[in-house]
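# Report on the structure
Listed below, chain by chain, are the residues.
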Amino acid sequence: MSGEIDEGCSGEVGESCGIVGVVAEEAARLAFFGLFALQHRGQESAGIATLDAGSMHLHKDVGLVSQVFRGENLTTLVGKIAIGHTRYSTTGKPSARNAQPFVIDTQFGPLALGHNGNIANAPALRKELLARGLGLMTGSDSELLAMMLAGTPGKNWTERIARAMRSWVGAYSLVLLTREGLFAVRDPWGYRPLAWGRIDSGGWAVASETSALRVMGCSGFEEIPPGTILHFDERGLVERARADIEVPQAACSFEYVYFSRPDSVWNGRNIHAVRRRLGELLAEEAPAVADLVIPVPDSSIAAAIGYAQKSGIPFGEGLVKNRYIGRTFIEPTKALRRQGVALKFSPLKETLEGARIVLVDDSIVRGTTTAPIVALCRNAGAKEIHLRIASPRILHPCYMGVDMGAEQDLVAVGREPAEIAAMVGADSLAYLSLEGLSRAIGVEGLCRACFDGNYHIPVDEGFTKECFEGFGRGTI
Ligand code: SF4
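Here we summarise the structure given alongside this text.

Conventions used here
- Residues numbered from 1 in each chain as written.
- Predicted model: local features only at pLDDT ≥ 70, side-chain atom pairs only at ≥ 80, totals over all residues.
- Helix = DSSP H or I, 4+ residues; strand = E, 2+ residues; numbered from the N terminus.
- Buried ≥ 20, exposed ≤ 12 C-beta atoms within 10 Å, placed from the backbone.
- Contact = placed C-beta atoms within 7 Å.
- Arc of directions from axis to C-beta.
- Pairing = 2+ DSSP bridges.
- Axes fitted to C-alpha atoms, helices over the stretch in contact; angles between N-to-C directions.
- Near = placed C-beta within 6 Å.
- Nonpolar A, V, L, I, M, F, W, Y, C, P; charged D, E, K, R; others polar.
- Core = buried A, V, L, I, M, F, W, Y, C linked by C-beta atoms within 7 Å.
- Domains from an automatic or database assignment.
- Expected span 1.5 Å × (residues − 1).
- Parallel < 35°, antiparallel > 145°, perpendicular 65-115°, else oblique.
- Left-handed = near helix turned anticlockwise from the far one by under 90°.

This paragraph deals with the overall build of the protein chain. For the protein chain, the count of helices and strands is 17 helices and 26 strands. Burial analysis of the protein chain (476 residues in total) assigns 57% to the buried set. Counting contacts in the protein chain only where the partners sit at least 6 residues apart, residues at least 24 apart contribute 72% of the total.

The next point concerns unusual backbone geometry. Of note, the amide linkage connecting Q100 to P101 takes the cis form, showing an omega dihedral of 5°. Tracing the chain through its elements places P101 in the loop between strand 6 (81–87) and strand 7 (102–106). Here P297 and D298 are connected by a cis peptide whose omega angle stands at -5°. In this structure, E26 takes a positive phi of about 55° despite not being glycine. If you trace the backbone, E26 turns up in the loop between strand 3 (18–23) and helix 1 (27–37). Judged by local crowding, E26 falls into the partly exposed class, with 18 C-beta atoms found within 10 Å. The backbone phi angle of A53 is positive, close to 50°, even though this residue is not glycine. Judged by the 7 C-beta atoms lying within 10 Å of it, A53 falls in the exposed class.

A separate point is helix 14 (residues 370–379). Owing to its 3.6 residues per turn, the α-helix brings residues three or four apart onto one side. Those residues of helix 14 lying buried are T370, I373, V374 and C377. Along helix 14, the residues classed as buried sweep out an arc of 100° about the axis, all on the same side. One or two residues past the end of helix 14 sits G381, with phi positive at roughly 110°.

Here we take up the sheet that holds strand 25 (residues 428–431). Across the sheet, four strands lie side by side as 19-22-23-25; this open sheet has parallel pairing. Edge positions in the open sheet fall to strand 19 (292–295) and strand 25, since each of these has one partner strand only. Neighbour-to-neighbour, the strand axes of the sheet open up by a mean angle of 25°, direction not taken into account. Two strands pair when backbone bridges link them, and strand 19 and strand 22 (residues 356–361) are joined in this way by four bridges, in the parallel orientation. If you follow P295 over to strand 22, its bridge partner there is V360. Where helix 10 (residues 301–311) meets the sheet, its contacts fall on strand 19, strand 22 and strand 23 (384–389), and the angle it forms with strand 19 comes to roughly 165°.

Around the ligand lies a shell formed by Y191, C252, S253, F254, C398, M400, V402, C447, R448, A449 and C450. At the level of secondary structure, the elements contributing two or more residues to the shell around the ligand comprise helix 8 (253–259) and helix 17 (449–452). Here the shell around the ligand is built from residues that sort into nine nonpolar, one polar and one charged.

Next up on the list: the environment of S55. Relative to the assigned elements, S55 resides in strand 5 (residues 55–62). Note: C-alpha distance between S55 and R179 (124 residues apart in sequence) is 8.0 Å.

Strand order in this open sheet of six strands is 7-8-9-10-14-15, and the pairing throughout is antiparallel. On the outer flanks of this sheet lie strand 7 and strand 15 (236–242), each paired with one strand and no other. Put simply, the sheet's adjacent strands are angled 20° from each other on average, direction ignored. Of the strand pairs in this sheet, strand 7 and strand 8 (residues 109–119) are connected by five bridges, and their pairing is antiparallel. The residue of strand 8 that forms the bridge with F102 is L113. Where helix 6 (residues 157–165) meets the sheet, its contacts fall on strand 9 (170–178), strand 10 (181–186), strand 14 (228–233) and strand 15, and the angle it forms with strand 14 comes to roughly 160°.

In this structure, V20, A31 and A205 are the most contacted members of the largest nonpolar core, which totals 149 residues. With eight residues, the single largest contributor to this core is helix 1. Counting contributing residues, this core receives three or more from each of domain 1 (3–247) and domain 2 (274–441). If near-sequence neighbours (up to four positions away) are discounted, A205 is found in contact with V20, G21, V22, L30, G34, W196, G197, I199, L213, M216 and C218.

Note on placement: A243 falls in the loop between strand 15 and strand 16 (251–252). Overall, the presence of 21 C-beta atoms within 10 Å leaves A243 in the buried class. The residues contacting A243, other than those within four sequence positions of it, are A162, M165, P188, G227 and I229.

Our focus in this paragraph is helix 9 (residues 271–285). Over its 15 residues, helix 9 runs 21 Å from end to end, which matches the ideal 21 Å to within 8%, given 1.5 Å per residue. Those residues of helix 9 lying buried are I271, V274, R275, R276, R277, L278, G279, E280, L281, L282 and A283.

Relative orientation and spacing of two packed helices are given, respectively, by the angle between their axes and the distance between those axes. Two numbers describe how helix 4 (residues 122–131) lies on helix 5 (residues 141–150): the axes approach to 10 Å, and their chain directions differ by 50°. On the basis of the axis angle, helix 4 is oblique to helix 5. For the element pair helix 4 and helix 5, the recorded crossing hand is left-handed. Where helix 4 approaches helix 5, its residues A122, L125, R126 and L129 are matched on the opposing element by D141, L144, M147 and M148. The class makeup of the residues in the contact of helix 4 with helix 5 is six nonpolar, no polar and two charged.

Two elements in contact, helix 9 and helix 10, have axes separated by 6 Å at closest approach and are oriented at 45°. By the angle between their directions, the pair helix 9 and helix 10 is classed as oblique. The way helix 9 lies across helix 10 gives a crossing that is right-handed. Of the residues in helix 10, those touching helix 9 at H272, R275, R276, R277, L278, G279, E280, L282, A283 and E284 are A302, A303, A304, I305, G306, Y307, Q309, K310 and S311. Each residue belonging to the contact of helix 9 with helix 10 can be placed in one class, and the counts come to eight nonpolar, five polar and six charged.

This is the structure we're talking about:
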């Protein structure tokens, strides 16, 4: 499972899911801290599973991490090994039945699974499982992974995971909990991040982002290489295995543009530093004559700082974000989304009145929130608004775990920047180039498919977020 995008990613895109794994005293409590740090990756549901004396304990529900977990349910999650998940749906509707971790009984004992990503060949895998007479409870591709693992032969879980990985095409960072311990798995393409570290006070932790490892008490970390399976038990890291699959690397460039926290490190690159560089290159490629550079907070702040420093135009705060508004609160309809923008951002009249501004946003996906943001600035007195986007035009859907909607939802498809500028009420609009994106990130083997249509894997265009929802639909 992963995420929807919809504002100039001031909220247009659904975030990827967040996953954690812990081997330590008070494992559930540490997993809770880790999930809290990963809340930005998914706000629909949260869950933690623990293992104690061979038995699994689970609590999960819809809502934010702080709503799902309270002191009383954390104390029922006993055991020294835990996995946790915070979800934004990319396959399957947001509902309690799709919340993770998934826990199933298998011939090899209980299995709990938390998944970040999206399995692109899920329709074919689903058909295959149903044809074998197996039933599925949810519309989620993550359940498929758990069911496939349950039916894969092997002398231990490492062997079964490595074997099952040969059938999975797509993005998956996984945490698995079994009687053998905790497993952390990354797909061979390396689409989504995953790292692990030693907890200073004792124990080991795994998380989608390094910032969450710090919150769980790790002062150092190691990124888990693509195609790797790590096995931890109460003694620590007991096995490192690799799936024997050779494919080109495809790290999601959108993690750098929008998803990941600025204080995280991925592929050795700090996200905040990359975003500043995106802004610097944007200033070089798309200069503007203006009095102030204003970010759409929060994800565009670093790019706006970079733009301001490179252009010499002062940085200013022109929009104040209400940090306590959840995405789910503003989503369902276009009209509500518009109103949500007003709830989410307040213009600073004192800054904007009479000013020519460069308004920096990280991306535009559907464009539904860009026009209301521009209108907020205009109504607060901005004289000229030059919209600058710190990523290229999004022209293709993502099948690897980011919900950008279908091609017809993407505002840049079939429209030139000048046309979009007119639609959203800006005086001008320019995007960063593809080359600028790659230069700023500086990592070999990037996925840029939503920008250039070059998918590293075969994709099924009929595969949408809710295509398996409702019993009977997955059998067609
Ligand atoms: S298509 Fe875009 S959002 Fe999806 S994995 Fe590739 S870069 Fe990331």
